[in-house]
Amino acid sequence: MIDVIILLIVVVLLIFAVKGSIKHFKGEGPCCGGGFGTSAKPEEKKLSNPVIGKKTVNISGMHCDHCVKSVTDAINEIDGASAKVSLKEEKAVVSYDREVADADIRRAVEKAGFQVVSITG
């Protein structure tokens, strides 16, 4: 009888673990500090001057919408830069209205906890 109870407890725990893993990989779980009522939608930053160029930043380490928000917010803190980040493509397109150094973008992304693979443009 005790074996059946233990087996039921293990099965219930396994079901919760699988459910949590599925949510995590779909980007719906509390990965990277998100979840529990927090919004994972990054705010779009409007530049004060006309866009003079764009750079594409390939990024590794993003797993969910909260990662995207972290990267977007980090790049948007740079004066004159505005980011659109794609989880699926693992990249950010950075529009800028004044010269922005690649080193500044790299530093912002790495400070947010992700790795810059390359910057082009």
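Whatever comes next refers back to the structure up there.
The model shown is predicted, which means the values in this text are computed figures rather than measured ones.

Undergrad: Lay out the sheet that holds strand β4 (residues 115-120) in plain terms, naming residues and giving numbers.
TA: With antiparallel pairing, four strands are arranged side by side in an open sheet as β2-β3-β1-β4. In this open sheet, the two edge strands, each paired with only one partner strand, are β2 (81-86) and β4. In this sheet, neighbouring strand axes are inclined to one another by 25 degrees on average, regardless of whether the strands run parallel or antiparallel. In the sheet, β2 pairs with strand β3 (residues 91-96) via six bridges, with the strands oriented antiparallel. Its bridge partner lying in β3, Ser-82 is registered against Ser-95. Those strands touched by helix α2 (residues 65-76) are β1 (53-60), β2 and β3, and its axis lies near 165 degrees from that of β2. On the sheet, helix α3 (residues 102-111) packs against β1, β3 and β4 and is oriented at approximately 155 degrees with respect to β4.

Undergrad: Residue-level account of α3, with values.
TA: In an α-helix there are 3.6 residues to a turn, and that puts residues three or four apart on one side. Residues Ile-105, Ala-108 and Val-109 constitute the buried set of α3. Viewed end-on, α3 has its buried residues packed into an arc of 95 degrees, placing them on one side of the element. More than 90 degrees from the buried face of α3, the exposed residues found are Arg-107 and Lys-111. Residues of α3 that are buried in the fold lie against β1, α2, β3 and β4. Of the residues flanking the end of α3, it is Gly-113, one or two places downstream, whose phi is positive at about 105 degrees.

Undergrad: Run through the nonpolar core, naming residues and quoting values.
TA: Within the largest apolar cluster, 23 residues are counted, with the highest numbers of intra-cluster contacts made by Val-57, Ile-59, Met-62, Val-71, Ile-75, Ile-105 and Val-109. Breaking this core down by element, the ones donating at least two residues are β1, α2, β2, β3, α3 and β4. The biggest single contributor to this core is α2, with five residues. Ignoring sequence-local partners within four residues, the contact set of Val-109 consists of Ile-59, Val-71, Ile-75, Phe-114 and Val-116.

Undergrad: I'd love a proper account of a nonpolar patch on the surface, names of residues and values included.
TA: Together, Met-1, Ile-2, Ile-5, Ile-6, Ile-9, Val-10 and Leu-13 make up a nonpolar patch on the protein surface, roughly 740 Å² of accessible area in all. Summarising the element assignment, Met-1 is placed in the segment before α1 (2-25). In this structure Met-1 comes out as exposed when scored by relative accessible area, which is 77%.

Cut-offs used in this document
- Residues numbered from 1 in each chain as written.
- Predicted model: local features only at pLDDT ≥ 70, side-chain atom pairs only at ≥ 80, totals over all residues.
- Heavy atoms only, no water.
- Pairing = 2+ DSSP bridges.
- Helix = DSSP H or I, 4+ residues; strand = E, 2+ residues; numbered from the N terminus.
- Axes fitted to C-alpha atoms, helices over the stretch in contact; angles between N-to-C directions.
- Contact = heavy atoms within 4.5 Å.
- Buried < 20%, exposed > 50% of the residue type's maximum accessible area, 1.4 Å probe, protein only.
- Arc of directions from axis to C-beta.
- Core = buried A, V, L, I, M, F, W, Y, C linked by side-chain atoms within 4.5 Å.
- Patch = residues over 30% accessible without salt bridge, like charges linked within 9 Å, V, L, I, M, F, W, Y side chains within 5 Å.
- Areas by Shrake-Rupley, 256 points an atom, 1.4 Å probe, with all protein chains shown as cover.
- Salt bridge = Lys/Arg side-chain N within 4 Å of Asp/Glu carboxyl O.

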